[in-house]
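Residues per chain, in single letters:
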Amino acid sequence: MFVLCEGNVARKPYIMPYTNQKIYSLEELCYYLYHNIYTLTEDFFQPALADWLREETNHEKLANKVNKMMSENPTLKDMVVTILCGCDYYRENEIREIIKVMDGIANLPVHKKKKMKADNYLRSGRYAKSLVEYRKLLHGSFSMNFTPEEYGDLLHNQGIAHFYVSSFAEAKRDFKDAFARSNKKSSLRHYLWLLLLEGKEDEFEQEIVTMGVDEAEAESVRMRFKEAVLSVDSVEYEVKDVSAYKKQLLQAYR
């Protein structure tokens with residue numbers, strides 16, 4: 001990604017929360033906000049951002065404004081618009097378009113906002129936080145607001161979170177339950193993949209019969225798993241952590 005910068009380029013980058021992406025200018029910050037609007041949450045803007053704008057990019061007025069706004073509990077839209085208007089990287093009509101997007105997000109039902117929050121945590125690798133949010137959605141009062149397919153999607157994503165912070169068994173259960181509700185192949189493949197990952201080849205063969213998986217689909221999962229094993233095994237480890245090894249295999253599939 002190349003962003004044309006007319007302002008000061010920072011010597012010390014600002015590290016974006018959650019993604020750890022390095023930003024070196026106000027223009028890059030604007031670009032990031034504009035193209036990642038669906039991943040932003042209320043706690044995205046930190047006091048360190050105002051300090052960085054002041055000390056590294058020499059945008060004193062903008063830094064003071066951002067700092068003042070943070071103390072007044074601003075809306076996400078107010079913060080984004082303030083920063084986008086801090087330089088001329090985006091035209092007025094482009095800013096109006098992103099405002100429409102943010103208004104659409106703000107008008108979403110509460111349960112969809114909460115799902116977006118959980119998905120954002122998962123997307124940024126904050127698996128423990130995402131797991132907390134998915135559990136609330138799946139087992140709380142909001143669960144009745146989701147269609148069977150949407151509920152299955154929640155289970156699938158919870159499975160990813162369980163895999164990274166809890167247990168393979170819980171992840172496997174989530175993927176199986178997700179497939180039963182949404183009938184999506186991605187959940188089925190993740191479930192079958194975990195059976196192979198755990199070395200349960202006999203159970204894998206039984207399940208493809210029980211679940212009505214055609215042989216072409218089953219063979220595709222087998223081949224991709226073998227390719228992933230070869231890919232991961234090609235990396236040299238000083239100490240091979242079994243848990244880390246298995247997680248890399250799942251990552252190879254994703």
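Everything below is about the structure shown above.
Residues numbered from 1 in each chain as written. Predicted model: local features only at pLDDT ≥ 70, side-chain atom pairs only at ≥ 80, totals over all residues. Heavy atoms only, no water.

**Q** Before we go on, may I ask you to explain the state of the cysteines in this structure?
**A** By definition, a disulfide links the sulfur atoms of two cysteine residues through a covalent bond. Per the counting criterion, the structure on display carries zero disulfides. Here Cys 30 is not cross-linked by a disulfide; its sulfur's nearest cysteine counterpart is in Cys 87, at 3.7 Å. Here Cys 85 stays free of any disulfide, with the sulfur of Cys 30 as its closest cysteine sulfur at 8.7 Å. (Disulfide = S-S within 2.5 Å.)

**Q** Help me out: how do you make sense of helix α7 (residues 127–139) in this one?
**A** Each full turn of the α-helix corresponds to 3.6 residues, which orients residues three or four apart in the same direction. Here α7 contains 13 residues, and its C-alpha end-to-end distance of 18 Å stays within 8% of the 18 Å for a straight helix at 1.5 Å per residue. Each element contacted by the buried residues of α7 is listed here: α6 (110–123) and α8 (148–165). (Helix = DSSP H or I, 4+ residues; strand = E, 2+ residues; numbered from the N terminus. Expected span 1.5 Å × (residues − 1). Contact = heavy atoms within 4.5 Å.)

**Q** Looking at this model, I keep getting lost on the pattern of salt bridges. Mind explaining?
**A** Where charged atoms from two side chains of opposite charge approach closely, those side chains can pair. In total, this model carries 20 salt bridges according to the counting rule given. For the salt bridge of Lys 136 with Glu 133, the shortest nitrogen-to-oxygen distance reads 3.9 Å. Remark: Glu 133 and Lys 136 occur in helix α7; sequence separation between them is three residues, near one turn of the helix. Relative accessible area serves as the criterion here: at 11%, Glu 133 is assigned to the buried category. For Arg 189, the salt bridge goes to Glu 217, with nearest N and O atoms at 2.4 Å. In this pair, Arg 189 sits in helix α10 (residues 185–197) while Glu 217 sits in helix α12 (residues 215–233), placing the two residues 28 residues apart along the sequence. Taking relative accessible area as the criterion, Glu 217 reaches 9% and is therefore assigned buried. Within this structure, Glu 205, Glu 215, Glu 219 and Arg 222 form a network of salt bridges that share partners. (Salt bridge = Lys/Arg side-chain N within 4 Å of Asp/Glu carboxyl O. Buried < 20%, exposed > 50% of the residue type's maximum accessible area, 1.4 Å probe, protein only.)

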